[in-house]
Amino acid sequence: MQIYDVALIPLIIGLVQVLKYFGFRKKWFLPLASLLFGVLAGVIYVHPHDVKEGILIGVLMGLSASGMYSGGKAVMEKEE
């Protein structure tokens with residue numbers, strides 16, 4: 001995984017925000033969507049020739065994206 005592949009994490013966050021905008025507000029669905037987008041990005045873009053490694057990297061990206069969102073949300077709620 002190259003360092004510029006980390007830029008996919010904000011893209012995953014953005015895609016989840018689009019889903020949220022269109023009314024998907026279930027607490028279990030948004031992290032699952034983040035994980036799914038991460039795995040797809042890992043398999044299709046980061047490691048298209050090694051599916052196992054692509055899935056692993058995708059899971060890490062998806063979990064990072066959902067964790068970054070919830071962590072940022074918690075900080076913003078505490079400041080208000």
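The structure displayed is predicted, hence computed values, not measured ones.

What counts and how
Residues numbered from 1 in each chain as written. Predicted model: local features only at pLDDT ≥ 70, side-chain atom pairs only at ≥ 80, totals over all residues. Heavy atoms only, no water. Helix = DSSP H or I, 4+ residues; strand = E, 2+ residues; numbered from the N terminus. Buried < 20%, exposed > 50% of the residue type's maximum accessible area, 1.4 Å probe, protein only. Contact = heavy atoms within 4.5 Å. Areas by Shrake-Rupley, 256 points an atom, 1.4 Å probe, with all protein chains shown as cover. Patch = residues over 30% accessible without salt bridge, like charges linked within 9 Å, V, L, I, M, F, W, Y side chains within 5 Å. Salt bridge = Lys/Arg side-chain N within 4 Å of Asp/Glu carboxyl O. Phe/Tyr/Trp six-rings, centres within 6.5 Å; stacked < 30°, edge-to-face > 60°.

## Focus on the overall build of the chain
So, step 1. If you tally the helices and strands in the chain, you get 3 helices and 0 strands.
So, step 2. Reading the helices (α) and strands (β) of the chain from amino to carboxyl end gives α-α-α.
So, step 3. Classification of the 80 residues of the chain by burial places 26% in the buried group.
So, step 4. In the chain, 50% of the contacts between residues at least 6 apart in sequence involve partners at least 24 apart.
So, step 5. Surface accessibility of the chain: about 5700 Å² in total, with carbon and sulfur atoms responsible for 71%.

## A look at a nonpolar patch on the surface
So, step 1. Among the surface-exposed residues, V18, Y21, F22 and F24 lie close enough to one another that they form a single nonpolar patch of about 490 Å² accessible area.
So, step 2. As for its position among the elements, F22 is in the loop between helix 1 (8-21) and helix 2 (29-46).

## Quick word on the environment of L19
So, step 1. Relative to the elements of secondary structure, L19 occurs in helix 1.
So, step 2. A residue is classified by how much of its surface remains accessible, and L19, at 18% relative accessible area, is buried.
So, step 3. Through-space distance from the C-alpha of L19 to that of A33 is 8.7 Å; in sequence the pair is 14 residues apart.
So, step 4. If sequence neighbours within four positions are ignored, L19 has contacts with F24, F29, L30, A33 and F37.

## Considerations on the packing of aromatic side chains
Each aromatic ring pair is specified by the distance between its two centres and by the angle formed by the two planes.
So, step 1. All chains considered together, the criterion is met by 3 aromatic pairs.
So, step 2. Seen from their ring centres, W28 and F29 are 6.0 Å apart, and the 90 degrees between their planes marks the pair as edge-to-face.
So, step 3. What makes W28 exposed here is its relative accessible area of 58%.
So, step 4. Following the ring pairs from residue to residue traces out a cluster consisting of F24, W28 and F29.

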